[in-house]
Amino acid sequence: MAGPSSCISAVLVLTAVVSVTLSTELPSSCDAVHCEEGTVCKLQEGATRVPTTKPGSCPVLNPGGISICVAECSSDADCDGDLKCCGGCHKKCILPVGYTDKPGTCPWLPPHGTGSCEQQHQCSKDIDCDSKLKCCGSCPRRCVSPFP
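A. Layout of the state of the cysteines. One pass over the full model with this rule turns up 6 disulfides. Disulfide pairing is shown between Cys79 and Cys93; the S-S distance is 2.2 Å. A torsion of -80° about the S-S bond marks the disulfide between Cys79 and Cys93 as left-handed. With Cys79 in the loop between β2 (47-51) and β3 (84-86) and Cys93 in strand β4 (residues 92-94), the pair connects residues that are 14 residues apart, well separated along the chain. Judged by its relative accessible area of 3%, Cys79 falls in the buried class.

B. Layout of the pattern of salt bridges. Within the structure shown, the criterion is met by 2 salt bridges. Close ionic contact of Asp76 with Lys84 constitutes a salt bridge, the shortest N to O distance being 2.7 Å. Asp76 gets classed as buried once you look at its relative accessible area, which sits at 6%. Its relative accessible area of 5% is what places Lys84 among the buried residues. Residue Lys134 is joined to Asp126 by a salt bridge in which the shortest nitrogen-to-oxygen separation is 2.8 Å. Asp126 carries the same exposure label as Lys134, and that label is buried.

C. Examining the side chain of Arg142 more closely. Within the secondary structure, Arg142 sits in strand β6 (residues 142-144). Summary of buried charges: Arg142 has no salt-bridge partner, and the nearest side chain of opposite charge, Asp126, is 13 Å away. A polar atom in the side chain of Arg142 sits 2.4 Å from the backbone oxygen of Pro140.

D. Main features of the environment of His90. Along the chain, His90 turns up in the loop between β3 and β4. Judged by relative accessible area, His90 falls into the partly exposed class, the value being 30%. Separated by 17 residues in sequence, His90 and Cys73 place their C-alpha atoms 9.1 Å apart. One polar contact links the side chain of His90 to the main-chain amide nitrogen of Val70, over a distance of 3.4 Å.

E. Inspection of unusual backbone geometry at higher detail. Looking along the chain, the bond that leaves Cys139 and enters Pro140 is cis, with omega of -5°. Its identity is not glycine, yet Ser131 carries a phi of approximately 50°, on the positive side. Locating Ser131 in the fold gives a position in the loop between β4 and β5 (134-136).

Rules and cut-offs
- Residues numbered from 1 in each chain as written.
- Predicted model: local features only at pLDDT ≥ 70, side-chain atom pairs only at ≥ 80, totals over all residues.
- Heavy atoms only, no water.
- Disulfide = S-S within 2.5 Å.
- Helix = DSSP H or I, 4+ residues; strand = E, 2+ residues; numbered from the N terminus.
- Buried < 20%, exposed > 50% of the residue type's maximum accessible area, 1.4 Å probe, protein only.
- Salt bridge = Lys/Arg side-chain N within 4 Å of Asp/Glu carboxyl O.
- Lys, Arg positive; Asp, Glu negative; His and termini not counted.
- Polar contact = N/O pair within 3.5 Å; in protein donor to acceptor, adjacent residues only side chain to side chain.

Below you can see the structure in the form of structure tokens.
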């Protein structure tokens, strides 16, 4: 029969395993993030990987005469959400040409928790989701298969 000290040790080990397993916090610096080719690290609500090239095409922009070049961005990774870094000399973050929501209807998804959403959203719009998946739900927003 196990003594009280072995039960306490087992509880401490189990508590440590559960706390490590349930941790969903994002790293706080880019040093802890491995970026694959075509991605860079961006500090938002923690360190996350973002694509350097987002889907969609840049619209044709009016060059606007002679002036000093000012760039708001250098790649799509510098732009929030669905915005792309477009332009020649004057680069700025704008929506891609022909951006529309993907077809289908979002299924009902129960929210996780109440009050303010403390979970990280997987997407903000349909363009953030792969293939035919849509960005649905509220807390957190996530990529799911839509109803036809």
